Amino acid sequence: MLALFRTNQLLGGVLLLPYLVLLRLDGFWQTPAALAPVPGFGNSWLIPWLNQYADWQWSILLLLVFVQATLANSLAFQHRLTPIVNLFPGVFVCLLCSLLPTFNVYSPYLVANVFLLLAVRSTLAAFRQMSAAVPIFNAGAWLGLATLFVPTYVWLLLPLGVALTVLKSGRFRDQLILILGLTLPHYLLGIYFFWDDQLAYFWSKQWSGVWHWPNLLPLEWPMLPGFSLLTVLLAYVLFSANNLKSKMKMEVQTKLGVLYWVLFGLGISVVFTMPWQMEKWLAMAPIAGILLSMRFTKMRAATAETWHLLLVVALLALHWSSYLL
């Protein structure tokens, strides 16, 4: 199956749609349950809309994952993150974003990660540019839009700020531009609601009930297979850092380091988002998917095909086991 995606034609990404339908097919027959309100101003209007048009929920989630996969391919193409250009980043973003049955339900991370990938792309575009105010500001603005759906993504200011010191410089001006970009969406919405005398409403929808001290995840038997598989995959990605950077140009090594910093920031954002639920694995899915795809690119073709097939079988088993048992 992976052979279909060993192409360097970005338009070949259209093949990700039938692949994604296969991975998420069981969600097509599920009756969407009513979605509960969650923090984030963007969710305050999107969730009621999804509840009203519940029949469209599966298609919208499919589209959001497909957009993430397309952005992942574009990111890898633009920055030459792999020695062999292919569509594997999109494949593994689709795979990780669909791995668990709970991922068939709307999660704010599905929207926030679209803006996150745009923020990462803008950040990487600042590499060694003398005048990088525009991409840095854009990175902050995209991250600001992401925080409208997952407010704890504000933690990603830390890894993106570190990334700027690695990619360009440690000047305070660059950090300030990044912060100004992040505050722009909130500032514009704040001005609108202040003018309409509803600033308190905007603040409560965006920030109320966001911050919590971390606590232990109460693991139950139905959660263990998926939790264990995702833990192994994430550990594999983390311990593959040196392998991915070996024999790569210094520019690519630097940009891979940025991806690992972003992955670290996503982990922090999840820790402070309670209650901890399995859907929060989606936070790390796009970045982990890109890094995992690079590891598969370096494998022998037969080995990569075998492991990919095993992951697809594991996904189908997790999704369809409730129907068969």
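These numbers come from a predicted model, not from an experiment.

## What about the overall build of the protein?
When its secondary structure is counted, the protein shows 15 helices and 0 strands. Against the compact-globule benchmark of 20 Å for 325 residues, the protein has a radius of gyration of 20 Å, which places it among compact chains. Counting only C-alpha atoms, the protein reaches 60 × 50 × 40 Å along its principal axes. Considering the protein as a whole, with its 325 residues, one finds that 52% of them fall into the buried category. Relative to all contacts within the protein whose residues are 6 or more apart in sequence, the contacts with residues 24 or more apart total 80%. Only carbon and sulfur atoms are counted for the fraction: they give 70% of the accessible area of the protein, which is about 15600 Å². One finds the centroid of the 17 positive side-chain charges in the protein at a distance of 20 Å from the centroid of its 9 negative side-chain charges.

## Quick notes on the packing of aromatic side chains
Taken as a whole, this structure holds 15 aromatic pairs when the rule is applied. Ring geometry for Y109 against Y153: centres 5.9 Å apart, planes inclined by 55°, an arrangement best described as tilted. Here the residue Y109 occupies a position in helix α6 (residues 108–124), and Y153 occupies one in the loop between α7 (133–147) and α8 (157–167), the gap between them amounting to 44 residues. Take Y109: its relative accessible area is 3%, and that puts it in the buried class.

## Thoughts on a nonpolar patch on the surface
There is a patch of nonpolar side chains on the surface, built from M1, L4, V14, L15, L17 and L22 and spanning about 510 Å² of accessible area. Here L4 is to be found in the segment before α1 (16–23).

## Here's the deal with the pattern of salt bridges
Applying the stated criterion across every chain, the model contains 2 salt bridges. For E251, the salt bridge identified is with K255, shortest N-O distance 2.8 Å. Taken together, the residues span about one helical turn, with E251 and K255 both in helix α13 (residues 250–271) at a distance of 4 residues. According to the relative accessible area criterion, K255 is buried, its value standing at 4%. Here E279 makes a salt bridge to K280, at a shortest N to O gap of 3.9 Å. Under the relative-accessibility criterion, E279 is labelled buried at 17%.

## Here's the deal with the nonpolar core
By size, the foremost hydrophobic cluster in this structure holds 104 residues, and its most contacted members are F92, Y106, Y153, V262, I287, L291 and F296. Among residues more than four places away in sequence, those in contact with F296 are L2, F88, F92, A304, W307, H308 and L311.

Conventions adopted
- Residues numbered from 1 in each chain as written.
- Predicted model: local features only at pLDDT ≥ 70, side-chain atom pairs only at ≥ 80, totals over all residues.
- Heavy atoms only, no water.
- Helix = DSSP H or I, 4+ residues; strand = E, 2+ residues; numbered from the N terminus.
- Rg over C-alpha atoms; globule rule 2.2 N^0.38 Å.
- Buried < 20%, exposed > 50% of the residue type's maximum accessible area, 1.4 Å probe, protein only.
- Contact = heavy atoms within 4.5 Å.
- Areas by Shrake-Rupley, 256 points an atom, 1.4 Å probe, with all protein chains shown as cover.
- Lys, Arg positive; Asp, Glu negative; His and termini not counted.
- Charge placed at Lys NZ, Arg CZ, Asp CG, Glu CD.
- Phe/Tyr/Trp six-rings, centres within 6.5 Å; stacked < 30°, edge-to-face > 60°.
- Patch = residues over 30% accessible without salt bridge, like charges linked within 9 Å, V, L, I, M, F, W, Y side chains within 5 Å.
- Salt bridge = Lys/Arg side-chain N within 4 Å of Asp/Glu carboxyl O.
- Core = buried A, V, L, I, M, F, W, Y, C linked by side-chain atoms within 4.5 Å.

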